[in-house]
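# Chains, contacts and geometry: an overview
Given next are the chains, with one letter for each unit.
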Amino acid sequence: MRQFFLVLTGILMLCNIALAAKDEPTFIKADHITYDEAITTYIAKGNCEIKKDNHVLKADEAIYNKTNGIVQLYGNVQIYDNEGDWVKGPKAVINIDTFKGFADNAICFVAKNHLYIKAKRIIMDDKNHYYASDTTITGCDCPECLSFDTKYAPEWSIHAKNTYIVKNNYVFSYPLWFNIGKVPVFVFPAIEEPLVRKSGFLFPSFGYSKTNGFKYYQPYYWAINKSQDATFTSQYDGKIGYGLNTQYRYYWTDNIKGQWDIELFKDTTPPAGDIKRTRLNLDITQNADFKKYGDLKADIHYLSNKNNLRVINDDNMQLTSNRYTTSKLMYSLQNGPYFLGVNNYFYQDLVAPNNSQTLQKLPEVFMGATNLDIYKKLSLDISSLYSYNYRQDGLRGNVLDISPSFSYPFKIGFVNFLPTAGIHYLFSNYSNGLTGSQSSVVPKLSLTARTSFFKIYDLSSGNRYKHIIAPEVSYTFVPKVKQEFPDFVNTYPQKSALNLTLENTIIKRTVNDKGEADYREIFYNKITQEYRFANYANAPIKPIDPIDTYIFPRYVYSNGPIYEETRISPFPFFNFSSQAYYQWQKRTFTYTTDNLNFNFNTFGFSIGYTTAKDPDFNTTSNGITYSVFFYPIKKLYTYISLNRDILDSYFPQKRAGFYYTSDCWGFGLDVFQNAVPQQVGNTYIANKNVGFWITLSLRGIGVFKKR
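All values reported here derive from a predicted model rather than from experimental measurement.

## Quick look at the confidence of the model for the chain
Summary statistics for the chain give a mean pLDDT of 85 and a share of 88% for residues scoring 70 or more. When the criterion is pLDDT under 50, residues 1–22 qualifies, and its contacts beyond four places in sequence or with other chains add up to three contacts. Confidence drops under pLDDT 50 across residues 314–320; counting only partners more than four residues distant or on other chains, this segment forms 16 contacts.

## Focus on the side chain of T358
Mapped onto the elements of the fold, T358 is located in the loop between β23 (338–349) and β24 (360–375). Residue class for T358 comes out buried when judged on its relative accessible area of 5%. A polar side-chain atom of T358 sits 2.9 Å from a polar atom in the side chain of N355. Ignoring sequence-local partners within four residues, the contact set of T358 consists of Y324, Y347, D349, Y390 and R391.

## With respect to the environment of H159
Residue position: H159 is located in strand β10 (residues 156–166). Taking the C-alpha atoms as reference, H159 lies 5.5 Å from W177; in sequence the two are 18 residues apart. The contact partners of H159, leaving out residues within four places of it in the chain, are T135, T136, P175, L176, W177 and N179. Here the side chain of H159 touches S157 through a polar contact of 3.1 Å, side chain to side chain.

## A word on the side chain of S327
By secondary structure assignment, the location of S327 is in strand β22 (residues 324–335). A distance of 2.8 Å separates a polar atom in the side chain of S327 from the backbone nitrogen of H301. Contacts of S327, omitting those with residues within four sequence positions, involve D299, I300, H301, N344, Y345 and F346.

## Let's talk about the pairing of strand β6 (residues 86–95)
Burial of β6 is extensive: seven of the ten residues sit out of reach of the surface. When strand β5 (residues 70–81) meets β6, the two strands line up antiparallel, connected through nine bridges. Its bridge partner being in β6, Q78 is matched across the sheet by K88. As consecutive antiparallel partners, β5 and β6 are separated by four residues, and within that stretch G84 has a phi angle of approximately 95°, a positive value. The pairing of β6 with strand β7 (residues 100–110) spans eight bridges and is antiparallel. In the strand pairing of β7, A92 is matched with A103. Adjacent in sequence and paired antiparallel, β6 and β7 are bridged by four residues, among which F99 carries a positive phi angle near 60°.

## Quick notes on the pairing of strand β4 (residues 55–65)
Pairing between strand β3 (residues 41–52) and β4: ten bridges, direction antiparallel. Following the sheet pairing, A44 is matched in β4 by A62. Taken together, β3 and the strand that follows it, β4, pair antiparallel across an intervening segment of two residues, in which D53 is found at a positive phi of about 50°. Here eight bridges tie β4 to β5, and the two strands are oriented antiparallel to one another.

## Let's talk about the nonpolar core
Side chains that are nonpolar tend, in soluble globular proteins, to be buried together. If you look at the biggest cluster of nonpolar residues, it comprises 41 residues, and the most contacted ones within it are L57, L73, I79, Y130 and W156. Per element, the largest residue contribution to this core is five residues, and it comes from strand β8 (residues 115–124). Setting aside residues no more than four positions away along its own chain, I79 makes contact with V56, L57, D85, W86, V87, A92, I94, F99 and M124. Residues L395, V399, Y430 and V489 belong to the second largest nonpolar core, which totals nine residues.

## Let's talk about the packing of aromatic side chains
Evaluation of the coordinates by the stated rule reveals 30 aromatic pairs. Consider the rings of Y637 and Y639, whose centres lie 6.1 Å apart with planes at 25°: the pair is stacked. In this structure, K455 packs its charged tip against the face of Y457, placed 5.6 Å from the ring centre.

## Side note on the environment of K66
Within the secondary structure, K66 sits in the loop between β4 and β5. For the pair K66 and I96, spaced 30 residues apart in sequence, the C-alpha to C-alpha distance is 9.7 Å. Discounting residues that sit within four places of it in the chain, K66 has contacts with Y35, T40 and Y42.

## Describing unusual backbone geometry
Cis rather than trans, the peptide bond between L362 and P363 has omega equal to 0°. Residue position: P363 is located in strand β24. We note that F99 has phi near 60°; this positive angle belongs to a residue other than glycine. Of note in this structure, K376 is not a glycine but carries a positive phi near 50°. Mapped onto the fold, K376 is located in the loop between β24 and β25 (378–390).

## Let's talk about the state of the cysteines
Enumeration over the complete set of coordinates arrives at two disulfides. Covalently, C140 is tied to C664 through a disulfide, its sulfur atoms 1.9 Å apart. Note on the C140 and C664 pair: the S-S dihedral is about 65°, so by sign convention the disulfide is right-handed. Linking C140 in the loop between β9 (129–138) and β10 with C664 in the loop between β40 (650–661) and β41 (665–680), this pair joins segments that are 524 residues apart in sequence. Across the pair, C664 and C140 agree in class, each one buried. A sulfur-sulfur separation of 2.1 Å characterises the disulfide bridge that pairs C142 with C145.

## Some details on the pattern of salt bridges
Taken as a whole, this structure holds 20 salt bridges when the rule is applied. A salt bridge links R699 to D141, with the nearest nitrogen and oxygen atoms 3.0 Å apart. Here R699 is found in the loop between β42 (683–698) and β43 (702–706), whereas its partner D141 is found in the loop between β9 and β10, with 558 residues between them in sequence. Given a relative accessible area of 31%, R699 falls into the partly exposed group. For D141, a relative accessible area of 44% gives the class partly exposed.

Conventions and cut-offs
Residue indices follow the written sequence of each chain, beginning from 1 at its first position. Residue-level local features of this predicted model are given only where pLDDT is at least 70; pairs of side-chain atoms are given and counted only at 80 or more, and the full residue set underlies all totals for whole chains, interfaces and linings. Side-chain descriptors were evaluated using all non-hydrogen atoms of the structure, hydrogens and water having been removed beforehand. Per-residue confidence from the prediction method is given by pLDDT, with values spanning 0 to 100. Here, two residues are considered to be in contact whenever any of their heavy atoms come within 4.5 Å of each other. Here a strand is any run of E in DSSP of at least two residues, a helix any run of H or I of at least four, and the numbering for each starts at the N terminus. Think of it in three bands: with a 1.4 Å probe and only protein chains considered, a residue is buried below 20% of the maximum accessible area for its type, exposed above 50%, and partly exposed in between. Pairs of N or O atoms are called polar contacts if they sit within 3.5 Å, as long as, within protein, a hydrogen donor faces a hydrogen acceptor (for residues adjacent in sequence, only side-chain-to-side-chain pairs). A pair of strands counts as paired when DSSP detects no fewer than two bridges linking them. Residues grouped as a nonpolar core are buried Ala, Val, Leu, Ile, Met, Phe, Trp, Tyr and Cys residues, joined through side-chain atoms within 4.5 Å. Side-chain rings of Phe, Tyr and Trp, where Trp is taken by its six-membered ring, are said to pair if the distance between their centres is within 6.5 Å; with planes under 30 degrees apart they count as stacked, over 60 as edge-to-face, and otherwise as tilted. As a reminder, the over-ring test applies to NZ of lysine and CZ of arginine, requiring each to be within 6 Å of the ring centre and within 35 degrees of the ring normal. Cysteine sulfur atoms that come within 2.5 Å of each other are treated as a disulfide pair. Every case where a carboxyl oxygen of Asp or Glu lies within 4 Å of a side-chain nitrogen of Lys or Arg is listed as a salt bridge.

Structure, rendered in structure tokens:
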């Protein structure tokens, strides 16, 4: 009996809701309104407007039958909802209670996608479901093109035999052909444009390469719910194997979000020196912000085999230049000047036969405080770090580093001084081979003096230049202290060094016709030189019982390299930047990078140069990059980019392409050639990978980018 009562109550509630919806009032407004009581019909003429249930109907003339809810609209018919969607035409007939009806020679506008749908008749089954045959679909704003005059055509359009519109869900059309202007270009069996996130197959990617053979990738998109989705991509590479790539994304709250990438690949032809495997790559990133309770971040990377990157995806081959993959799990909490953190680091060695000698930090705990007021200007900074360092082969153990320091800033005249004094307390115990413990106390003193002064130059044009000079002198002293620790302890070598820095900045101020000021940096230069008073002050401290044979640096100098940084931009279209380290005792640059850029309205170019040397001054990289772009016509962008490796005499990358944009569509082609290292036996060769990207952007439909 109780169940029957509940069911009856539910039915009555649903009936009441339905009646309430049907009984919602209808508002009519016009220049002239008459009512024929015999047929319960309103006749409205001139600026007619009928409102009901978040919909507005407008026309030059309207006839509304109060009994059956039928509204006949004539002349400049416009039907709007509260989400910006509308239907327009010269004539429409609608039941305003059920919203069932039709509009002739009509245009439907889907606001969320900025999509126009034109048809001789659009049939409305209800407020959310429309159907039309022989439709023209476009995202172009072109009133003439949306008329039924065949002289005009939008820049692009889709012509479909049947089109279904489910508002706030999707637009589905079939069969169809794609036109540029009035010219048919290609035919599709069907297309579905989601108006919200919707599950379904995505457009596939396919191609061919000499290395992998025929390629076919088929993605499937799964809209799990509003805060989660996933993409599953089946991968087939004819010469090497097949697999499945999964990408899972979630946004559970404003503060918790992340992504999982899982790659599974089955070898059919193993790489040289390897065997057939089922390979797994796992990448996880997550960020959880608990506000005042801290922040939790995860960055996990796992490979089932060290060759996975070069087998599964040759685009990731450059990642193998890093010896280790690093997985991190980090928690941090900040409360005013106090901080606390717990980190875990796991390293996977991609070079060694196994991971037995790879050092792991599980966990690392740090805490401390910054700028604690002690007395007047006297402040205290303190940090402490504990870590447990583990490996299967080699020394492992605990490390504790406590580092308090005091500072007392003051000013004499126009010079700011900052003296600091502190210590580093180190403790470590270790086992697995040698067993023991060590501790050391390492003092550290420093004094920094800094000032700045400027001069303003007024020009007759009304512009101004401000020249700022900021010199800085600092001295650091660390005495020689015995520190006999394993290689997992960060030690503090002796140091007695004077560091000189000089910065020059020029800022230009211009005023436009409206009196608005604009400030732009046109010149910046920084030069730093460290002078060391103790010989071999930069020599590292040899660890006890190192895993690998320890080699002292071949070259050790009493003075550090000169560091230089420059930015020059005298005109908006020109800028130059450089960074360099110069070891003046060897009279050589150990690192340089220079970039020159010109950017005009119709063209531009850039040149970049980089070189680097190792501690023994052997050149490790030397390359130059050229890039040119220009606009042959206003809407067409073209470019060429070359990356030249001077050291090994080859081009790691060549790129060229163009992109044309219009008000409602765009099309681009990017051609590339990458030369990536491929392992052949015990050596590597530059394997050329040639391909291209096609990009098609259709307003209202989306962007299609395929390789």
